[in-house]
Amino acid sequence: MKKLAKIKYLPNNFQVIEPGDYVECAVSGKRINIENLTYWNVELQEAYFSYKEAFIKREEIIKK
């Protein structure tokens, strides 16, 4: 069974707090396998499935 990981997002990498197989995208809710985790926001401590979700989140922040 796949397990949700807890991650601390750092500039240029991340630290696994609780081991698991995946994290969830903060925008779409899609599962992201740890080995495929590429996009995240250090300040918000959020992961994104792809550059598209990261862009959507960035646009939301700019509008506020």
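Summarised in this report is the structure supplied together with it.

Analysis parameters
Residues numbered from 1 in each chain as written. Predicted model: local features only at pLDDT ≥ 70, side-chain atom pairs only at ≥ 80, totals over all residues. Heavy atoms only, no water. Helix = DSSP H or I, 4+ residues; strand = E, 2+ residues; numbered from the N terminus. Buried < 20%, exposed > 50% of the residue type's maximum accessible area, 1.4 Å probe, protein only. Contact = heavy atoms within 4.5 Å. Areas by Shrake-Rupley, 256 points an atom, 1.4 Å probe, with all protein chains shown as cover. Core = buried A, V, L, I, M, F, W, Y, C linked by side-chain atoms within 4.5 Å. Phe/Tyr/Trp six-rings, centres within 6.5 Å; stacked < 30°, edge-to-face > 60°. Lys NZ or Arg CZ within 6 Å of the ring centre and 35° of its normal. Polar contact = N/O pair within 3.5 Å; in protein donor to acceptor, adjacent residues only side chain to side chain.

### Observations concerning the overall build of the protein chain
Summing up its helical and strand segments, the protein chain has one helix and six strands in all. When its helices and strands are written in sequence order, the protein chain yields β-β-β-β-β-β-α. A principal-axis box enclosing the C-alpha atoms of the protein chain has dimensions of 40 × 20 × 15 Å. Out of the 64 residues belonging to the protein chain, those deemed buried represent 25%. Residue pairs at least 24 apart in sequence account for 25% of intrachain contacts in the protein chain once pairs closer than 6 positions are excluded. When the accessible surface of the protein chain is totalled, it reaches about 4800 Å², and 52% of it is carbon and sulfur.

### Some details on the nonpolar core
The nonpolar side chains of a soluble globular protein tend to be buried, and buried together. Counting ten residues, the largest nonpolar core is built from Ala5, Ile7, Tyr9, Val23, Cys25, Ile32, Ile34, Leu37, Ala47 and Tyr48. Going through the elements one at a time, β1 (6-10) and β6 (46-48) are the ones with two or more residues in this core. With sequence-adjacent residues up to four places away left out, Ile32 is seen in contact with Asp21, Tyr22, Val23, Glu24, Cys25, Leu37, Ala47, Tyr48 and Phe49.

### Quick look at the packing of aromatic side chains
All chains considered together, the criterion is met by two aromatic pairs. Relative to Trp40, the ring of Phe14 has its centre 5.4 Å away and its plane inclined at 90°; by these criteria the two rings are edge-to-face. Placement of Phe14 in strand β2 (residues 13-18) and of Trp40 in strand β5 (residues 39-41) is noted, with a sequence separation of 26 residues between them. Given the relative accessible area of 25%, Phe14 is considered partly exposed. In this structure an aromatic cluster arises from ring pairing among Tyr9, Phe14 and Trp40. One Lys or Arg, Arg31, reaches over the ring of Tyr22 and ends 4.1 Å from the middle of that ring.

### Concerning the side chain of Glu46
Tracing the backbone through its elements, the reader meets Glu46 in strand β6. For Glu46, a relative accessible area of 19% corresponds to the buried category. A polar atom in the side chain of Glu46 sits 2.8 Å from the side chain of Tyr48.

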